[in-house]
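# Coordinates in review
What follows is the residue order along each chain.
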Amino acid sequence: MTAIDFSQKIVEMIDVVKKFGDFVANDRINLTVHKGEVHSLLGENGAGKTTLVNCLYGLYRPTQGRIRIKGQEVEISDPNAAIQLGIGMVHQHFMLVDTFTVTQNIILGRETTKMMGVLDIARAEKKVAEISERYGLAINPRDKIQDISVGSQQRVEILKALYRGAEILILDEPTAVLTPQEIQELVMIIRNLTQEGKSIIIITHKLHEIKQVADYCTIIRRGKFIDTVEVDKVTEQELASMMVGREVSFAVEKKAQQKGEQILAIQDLVVKDNRGIAAVNGLNLTLHKGEILGIAGVDGNGQSELVEALTGLRKVAGGSITLRGKEITGSKPKEVINRWNIRTIPEDRQKRGLVMEFDVAENLILETYHDTPFSVRGMLNRDKIYAYADHCTQVYDIRPTNPYLTAKSLSGGNQQKVIIAREVSNDPEVLIASQPTRGLDVGAIEYVHTALVNQRDRGKAVLLISFELDEVMNVSDRIAVIFEGKIVGIVDAIGVDENEIGLMMAGGTP
Amino acid sequence: MEAIIKDMGFIIGTTLMYSTPLMFTSLGGVITERSGVVNIGLEGMMFFGAFVGATVAYYSQSPWLGFVCAGLGGALLGLIHAIACVSFAAEQIVSGIAINFLGSGFALFLSRLFFDGATQTLTIPKKIPLPFSFLFGEGKLFQSAGFMDLVFNRFATVYLAFFLVAVVWFVLYKTKIGMRVQAVGEHPEAADTLGINVYRIRYGAVMTSGFFAGLGGAAMSIAVVSRFSNTLISGHGFIALAAMIFGKWKPQGAMLACLLFGGAKGVEIYLGAKGFPVPSSLLAMLPYILTIIVLVGVVGKTTPPAAIGRIFDKSGK
Ligand SMILES: Nc1ncnc2c1ncn2[C@@H]1O[C@H](COP(=O)(O)OP(=O)(O)O)[C@@H](O)[C@H]1O
Ligand SMILES: [Mg+2]
């Protein structure tokens, strides 16, 4: 089945070191890839995987170390040199011009021309169609990027590399943005490519995907090389431990529940979406102290609107929300946060959770900057703010431990830690966690789950909204299923039947 | 009837005369902004070009030499803008403002130096020619001062401006270099990963925009009038900039926007000449008011190039 030719080493990275200033992002990493091999790079967010492949693609210059391609020692000074050597890369954030067509994006930098630099688009389209057919990458060469799905955009990125004659294809977290079906298509594409003699380096932190497609796996932890293993000979559990550096539990450890009195009650809530349609349509729910209530449901059943209504971001069209018996419907976001002490881990951490251009310390005080000790008579007290941030980076393990770094320079997991630090440190009565682990790796997921469980164990209430049924079932004490803006069933998490919930999520009645 | 046709000819002719200098500059704006660099220094570049064009044309007695040198003068200011914002990642608006002061200051300084302390040049001996003048007049194909004469007997720069619109359109949409300029303006990182030199493309685009703005200035100083003076350009560069924006960053759009502005100017001059009973200072507002109305009412939402004004910096990698 595998197409590996062990006699040919296509890529060898030897003792590669990459420093950014004093920070060592890659510390003597070794990587060998053979012809026809699928080699995965595994590591937590911020481990240095992207940095390593950027060195291979000529986007970064390694500080130290050697790179050999097909046995030849090479210096890869820029992407052009990498392309010449047959290296192609699909970046984590797609590098596509939205307003261009598929063909234009593919040929950019390697344009087919008639005379005097006049583009020959017809010939290019033919060529693109040929390649896409050969490797089974369905695409219409004339579509504009802005009009096609994310999965198609990814195929365009792969075609871009193949068009340039890539023999080594680097895929940086290719599955993060794909639907399950699209992931299966990608797996097929990868198999096709290796049959054609291409070598693949695939970055991911989803362990079952590694088991599914990769032959070998190199594990990197905090910039350091840990090991290269044959995927068939290790378990997912072992991979996870190597990646994180300790035993990881996929199951969430919880003490027995100490359920308290009711704190939040939602009655007949109606919330309209942007089109004016009732996305939340007569929803009833109660939340108790000392419990995690998980809301399971397929995306688009009113979850976002529910959270926005609870946090004061969206108008309530009907019904009521009460906190300890007190009506809080229609409160402004600031009241919700400071007066009712309801805090939120928002669905989109980059858009709503953080100000990406602000540093860690500033992000940590977004909700409390107006209080002493952070401000005194309207003036910010920088010393206090940064001292507090130093404390938070320690307690919440935010890495790197530098409160002056901008939020955008942190990895996703650490961005989430900043948000959790801010929301949890004020000891909220109710914590709303909306998709809190989206896009995070196992280590970070475990961290987030522990933070939620800690809140519950301290007798506070947690409302968890997630599209991942596994997560809802693992973390929650009670599970409410949302369908078309209503709660269609509530069950205890202990001894729950996954099929039963799945059925309710799809609108069936158990 | 004949009088009306003649009046029409007069308005169309004036429209062409006033809109074409704007067109050069506006095309320059399209080129730089499509590469992702904002250039509000167009005014200063146009001003400088007007001065250089008139001065060279005066001393060399060759309007065409003056015209080309005006372009080069504008390109020189473009180079300064590019060094500041492309290499040194300066704020593009601030650099553009500096260029505006620099262009006018430098032109006036040199003007005082070359023309005895005057802030205007002497009248040039030869203007840009009228390439089709042989067709008009007594015993020629068309009689003089008729409709055809008023509309088509125009300076060479008028025809050149329309020709350049077609050229810029073709280069931008049909050639390799044009596609790269667009890519750099939309997603410079993507272009970079494909081995395109973002810096070089932006330098080229910004300098070309300076060249075009310089031509626009000269089209005023050595074709529309026959000397440079310090009030000659007064705001035309900014109008051209606005025209580029509500032409939706497209050469053909910029052309139409410039024609609109020139048309309003034509009507203003026509009404003024007819002794229309409205104070001339009010009439002079017409082009601007019309511009605002069209901008708000007709054009609608415009989308600039995605990476416009954003600094691209790959140092430290
Ligand atoms: N250009 C850069 N300048 C400074 N630090 C960087 C740069 N790129 C990445 N880093 C840091 O290097 C570390 C590794 O990043 P990266 O390679 O992107 O991790 P990942 O394994 O998630 O792909 C992170 O801590 C990141 O903040
Ligand atoms: Mg990465």
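Coordinates for the structure precede this section.
Owing to the predicted nature of the structure, the values given are computational and were not obtained by experimental measurement.

The subject of this paragraph is the sheet that holds strand β14 (residues 316–323) of chain A. Neighbouring strands of a sheet are bound in pairs by backbone hydrogen bonds; such pairs are parallel or else antiparallel. All names here are of chain A. Across the sheet, which stays open at both edges, the 4 strands sit in the order β12-β11-β14-β15 with antiparallel pairing between neighbours. On the outer flanks of this sheet lie β12 (278–288) and β15 (326–327), each paired with one strand and no other. As defined by bridge partners, strand β11 (residues 262–272) adjoins β12 across 8 bridges and the pair is classed as antiparallel. Looking across to β12, one finds that alanine 265 is bridged to threonine 286. Across the face of the sheet, helix α9 (residues 303–310) comes into contact with β11, β12 and β14 while running at roughly 120 degrees to β11.

Here the focus is unusual backbone geometry. Residue and element names in this part refer to chain A. The residue after threonine 372, namely proline 373, is reached through a cis peptide bond having omega 5 degrees. In this fold, proline 373 is placed in the loop between α12 (360–364) and β17 (375–376). Between arginine 399 and the following residue, proline 400, the backbone shows a cis peptide bond with an omega angle of -5 degrees. Looking at where proline 400 falls in the secondary structure, it is placed in the loop between α13 (382–395) and α14 (412–424). Positive phi outside glycine occurs at aspartate 268, with the angle close to 50 degrees. Locating aspartate 268 in the fold gives a position in strand β11. A positive phi angle, near 50 degrees, is found at glutamine 435, a position not held by glycine. Looking at the element boundaries, glutamine 435 is found in the loop between β19 (430–434) and α15 (442–457).

Time to look at the packing of aromatic side chains. Residues and elements named next belong to chain B. Applying the stated rule across the entire model yields 19 aromatic pairs over all chains. A centroid spacing of 5.0 Å and a plane angle of 85 degrees characterise the contact between tyrosine 58 and tyrosine 59, whose relative ring orientation is edge-to-face. Owing to a relative accessible area of 24%, tyrosine 58 belongs among the partly exposed residues under this scheme. Taken together, the ring pairs in this structure connect Tyr58, Tyr59, Phe114 and Phe115 into an aromatic cluster. If you follow lysine 265 out to its NZ or CZ, it ends over the ring of tyrosine 18, 5.5 Å from the centre.

So, on to the pattern of salt bridges. Opposite charge on two side chains makes pairing possible when the charged atoms of those side chains draw close. All names here are of chain A. On inspection of all chains with the given rule, the structure shows 34 salt bridges over all chains. Notably, a salt bridge pairs glutamate 73 with arginine 68, separated by 4.0 Å at the nearest N-O pair. Residue arginine 68 is classed as partly exposed on the basis of its relative accessible area of 24%. One salt bridge in this structure joins aspartate 397 and lysine 417, with 3.6 Å as the shortest N-O distance. Residue aspartate 397 is found in the loop between α13 and α14, and its partner lysine 417 is found in helix α14; the two are separated by 20 residues along the sequence.

This part takes up the site of ligand 1. Residues and elements named next belong to chain A. Taken together, the neighbourhood of ligand 1 is formed by 13 residues, with Gly46, Gly48, Lys49, Thr50 and Thr51 sitting nearest. Contacts to ligand 1 include serine 409, whose backbone N or O atom sits 3.2 Å from an oxygen atom. Taking 560 Å² as the accessible area of ligand 1 by itself, protein coverage stands at 71%. Of all the secondary-structure elements, those providing two or more residues to the shell around ligand 1 are β2 (23–35) and α1 (49–56). When residues in the shell around ligand 1 are grouped by element, the largest group, 3 residues, is from α1. Classifying every residue of the shell around ligand 1 gives 5 nonpolar, 6 polar and 2 charged.

The rules we used
- Residues numbered from 1 in each chain as written.
- Chains lettered and ligands numbered in written order.
- Predicted model: local features only at pLDDT ≥ 70, side-chain atom pairs only at ≥ 80, totals over all residues.
- Heavy atoms only, no water.
- Pairing = 2+ DSSP bridges.
- Helix = DSSP H or I, 4+ residues; strand = E, 2+ residues; numbered from the N terminus.
- Contact = heavy atoms within 4.5 Å.
- Axes fitted to C-alpha atoms, helices over the stretch in contact; angles between N-to-C directions.
- Phe/Tyr/Trp six-rings, centres within 6.5 Å; stacked < 30°, edge-to-face > 60°.
- Buried < 20%, exposed > 50% of the residue type's maximum accessible area, 1.4 Å probe, protein only.
- Lys NZ or Arg CZ within 6 Å of the ring centre and 35° of its normal.
- Salt bridge = Lys/Arg side-chain N within 4 Å of Asp/Glu carboxyl O.
- Near = heavy atom within 4 Å.
- Polar contact = N/O pair within 3.5 Å; in protein donor to acceptor, adjacent residues only side chain to side chain.
- Areas by Shrake-Rupley, 256 points an atom, 1.4 Å probe, with all protein chains shown as cover.
- Nonpolar A, V, L, I, M, F, W, Y, C, P; charged D, E, K, R; others polar.

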